[in-house]
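For reference, the chains in residue letters:
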Amino acid sequence: MSARAAWRLEELGFTAVYDYVASKVDWFANGRPREGTSAETPWAGDLVRRDVPTCSLRDPVGGVRERVVAAGYDVCPVVNEQHIVLGLLHGDALSKDPDARVGDVMELGPKRLRPSEPVEKLLQSRANDGIKSWVVTTSHGKLLGLLLRTDAETALSEGRTGSRS
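Note that the structure is predicted; figures quoted are calculated from it, not measured. (Residues numbered from 1 in each chain as written. Predicted model: local features only at pLDDT ≥ 70, side-chain atom pairs only at ≥ 80, totals over all residues. Heavy atoms only, no water.)

Chemist: I tried to follow the overall build of the chain on my own but got confused; where do I start?
Modeler: On a plain count of helices and strands, the chain comes out with seven helices and six strands. Reading the chain from its N end, one meets helices and strands in the order α-α-α-α-β-β-α-β-β-α-β-β-α. For the chain, the spread of C-alpha atoms along the principal axes amounts to about 65 × 35 × 25 Å. Out of the 165 residues belonging to the chain, those deemed buried represent 38%. Long-range contacts, defined here as pairs at least 24 residues apart, represent 54% of the contacts in the chain between residues at least 6 apart. Within the structure as shown, the chain displays about 10000 Å² of accessible surface, and the carbon and sulfur contribution to it stands at 51%. In the chain, the 22 positive side-chain charges and the 23 negative ones have mean positions that sit 2 Å from each other. (Helix = DSSP H or I, 4+ residues; strand = E, 2+ residues; numbered from the N terminus. Buried < 20%, exposed > 50% of the residue type's maximum accessible area, 1.4 Å probe, protein only. Contact = heavy atoms within 4.5 Å. Areas by Shrake-Rupley, 256 points an atom, 1.4 Å probe, with all protein chains shown as cover. Lys, Arg positive; Asp, Glu negative; His and termini not counted. Charge placed at Lys NZ, Arg CZ, Asp CG, Glu CD.)

So, in structure tokens, the structure goes:
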């Protein structure tokens with residue numbers, strides 16, 4: 001909403017009024033709620049699994065591998081103290097020397113999705129053939145979680161809508 005509209009609402013007695021300067025696209029890219037026709041289509045943020053284990057650059061690979069396997073995943077986003085994604089630990093990197101540091105063996109600059117990515121479009125892209133999961137982040141790179149291909153395919157086949165609050 002515009003600053004003028006925000007001021008007018010305050011004049012009318014509304015107390016929780018915000019002038020959101022960024023765009024609607026930014027709102028969606030940060031995983032914020034939506035309504036109307038956009039809520040009918042499942043987006044990556046609607047299906048993201050937030051329980052994915054994370055690790056830091058200094059963690060030993062062996063301990064991370066144990067946590068990842070125990071949680072039922074095969075991938076671990078590497079994050080800093082603010083939960084910004086720095087890399088990804090998966091595949092052969094999880095099998096490296098248990099005493100190696102994550103920062104030495106991780107994949108740098110992994111592909112990340114915004115929560116506003118339509119699941120149907122994601123699954124139709126040839127660039128995503130064979131990918132089992134995607135890291136979902138806000139527009140500022142903060143980890144929201146992991147989207148599993150199986151969850152995306154199930155949501156589309158069941159015709160599930162994206163409106164989950």
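Chemist: Explain helix α4 (residues 61-70) here, please?
Modeler: Since the α-helix packs 3.6 residues into each turn, any two residues three or four apart lie on the same face. Looking at α4, one finds that the buried residues are V61, G62, V64 and V68. Projected down its long axis, α4 carries its buried residues within an arc of 160 degrees, all on one side. The outward face of α4, more than 90 degrees from its buried face, is lined by the exposed residues E66 and A70. Turning to α4, the residues buried within the fold contact β1 (75-79), β2 (85-90) and α5 (102-105). Once α4 ends, the next one or two residues include G72, with phi positive near 85 degrees. (Arc of directions from axis to C-beta.)

Chemist: Honestly, the sheet that holds strand β6 (residues 143-148) in this entry has me stumped. Any pointers?
Modeler: Across the sheet, which stays open at both edges, the three strands sit in the order β4-β5-β6 with mixed pairing between neighbours. Each end of this open sheet is capped by a strand with a single partner; those strands are β4 (112-113) and β6. Sheet analysis places β4 next to strand β5 (residues 133-137), joined by two bridges and oriented parallel. Residue R112 lies in a different strand from β5, and its bridge partner there is V135. Running at roughly 70 degrees to β6, helix α7 (residues 149-157) makes contact with β5 and β6 of the sheet. (Pairing = 2+ DSSP bridges. Axes fitted to C-alpha atoms, helices over the stretch in contact; angles between N-to-C directions.)

Chemist: Sorry if this is basic, but what is going on with the side chain of D151 here?
Modeler: Within the secondary structure, D151 sits in helix α7. For D151, the side chain forms a polar contact with the side chain of R49, separated by 2.7 Å. Beyond its immediate stretch of four places on either side in the chain, D151 contacts L47 and R49. (Polar contact = N/O pair within 3.5 Å; in protein donor to acceptor, adjacent residues only side chain to side chain.)

Chemist: What's the story with the sheet that holds β1 in this structure? I'm lost.
Modeler: In sheet architecture, strand pairing relies on hydrogen bonds along the backbone and comes in two forms, parallel and antiparallel. The three strands lie next to each other as β1-β2-β3, forming an open sheet whose pairing is antiparallel. One side of each edge strand has no neighbouring strand; the edge strands of this open sheet are β1 and β3 (107-108). For β1 and β2, the ladder comprises five bridges, and the chain directions are antiparallel. For V79, the partnering residue across the bridge sits in β2 and is V85.

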